[in-house]
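# Coordinate inspection notes
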Amino acid sequence: MYDSFKAQVAAAPTEGPLVVSITTLGGDPEMARAMGDHIRLLREYTDRETLFLGKVAVYSAGATFMSAFPADSRFLTRNSRLMIHERQMTSTIQLNGPLNALSYTLKAKLHEIEDSINIQEEGFRDLVRGTKVDIEELKAKAPSNWYIEAEEARDLGLILDII
């Protein structure tokens, strides 16, 4: 997916703003972060205007990708919705081996969880930067899947406007 995204960006006209349009029910948050970082680097090193256009559904990893664009460069089409939630993890821990080594297995998993929380909060801060949404409000609503209609997203400053 990332290779396809990079190829599409490379094939886009080099003049004028780059408009990235997306519809997604979610996906891999790390791919969304990588795509977002690609956009950030393009914007910062070429001074090219980059615009986000979400259509119909911008859920989960789509909101992560959207967070790479400044709030005043984000748009949704009419009747679109955002969905923001916490990162998910499914994991099984096998404790097998000498007792003195088992705590390292548990500590490693705990470090993975803690770092994932830090990454999640970085993305949340990027998403609300320049908006009327407080980071604490987002963190309070994210655990129960916060669905936001286009009009509310505009009113909250999460997007500039509805197209």
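Just above, that's the structure.
To keep things clear, this report deals only with the structure shown in the data block. (Residues numbered from 1 in each chain as written. Predicted model: local features only at pLDDT ≥ 70, side-chain atom pairs only at ≥ 80, totals over all residues. Heavy atoms only, no water.)

With that out of the way, let us pick up the pattern of salt bridges. Evaluated as defined, the whole model comprises 13 salt bridges. Across the salt bridge formed by glutamate 30 and arginine 87, the nearest N and O atoms sit 2.7 Å from each other. In this pair, glutamate 30 is assigned in helix H2 (residues 29-46) and arginine 87 in the loop between strand E4 (81-84) and helix H4 (99-128), connecting sequence segments 57 residues apart. On the basis of relative accessible area, glutamate 30 is assigned to the partly exposed category, the value being 31%. What makes arginine 87 partly exposed here is its relative accessible area of 26%. Here aspartate 126 makes a salt bridge to arginine 129, at a shortest N to O gap of 2.7 Å. Relative accessible area serves as the criterion here: at 29%, aspartate 126 is assigned to the partly exposed category. A cluster of three or more residues bridged by salt bridges with shared partners is formed by Glu30, Arg33 and Arg87. (Salt bridge = Lys/Arg side-chain N within 4 Å of Asp/Glu carboxyl O. Helix = DSSP H or I, 4+ residues; strand = E, 2+ residues; numbered from the N terminus. Buried < 20%, exposed > 50% of the residue type's maximum accessible area, 1.4 Å probe, protein only.)

What follows deals with a nonpolar patch on the surface. A cluster of nonpolar side chains, Met89, Ile113 and Ile117, forms an exposed patch at the surface whose accessible area comes to about 230 Å². As for its placement among the helices and strands, isoleucine 117 is situated in helix H4. What makes isoleucine 117 partly exposed here is its relative accessible area of 39%. (Patch = residues over 30% accessible without salt bridge, like charges linked within 9 Å, V, L, I, M, F, W, Y side chains within 5 Å. Areas by Shrake-Rupley, 256 points an atom, 1.4 Å probe, with all protein chains shown as cover.)

Take the side chain of threonine 131 next. In this fold, threonine 131 is placed in the loop between H4 and helix H5 (135-141). The exposure class of threonine 131 is buried, given its relative accessible area of 18%. Polar contacts involving the side chain of threonine 131 include one to the main-chain carbonyl oxygen of valine 128, which spans 2.7 Å. Separated by 3.1 Å, the side chain of threonine 131 and the backbone nitrogen of valine 133 make a polar contact. Apart from residues lying up to four places away in sequence, threonine 131 is in contact with Ala71, Arg74, Leu156, Gly157 and Leu158. (Polar contact = N/O pair within 3.5 Å; in protein donor to acceptor, adjacent residues only side chain to side chain. Contact = heavy atoms within 4.5 Å.)

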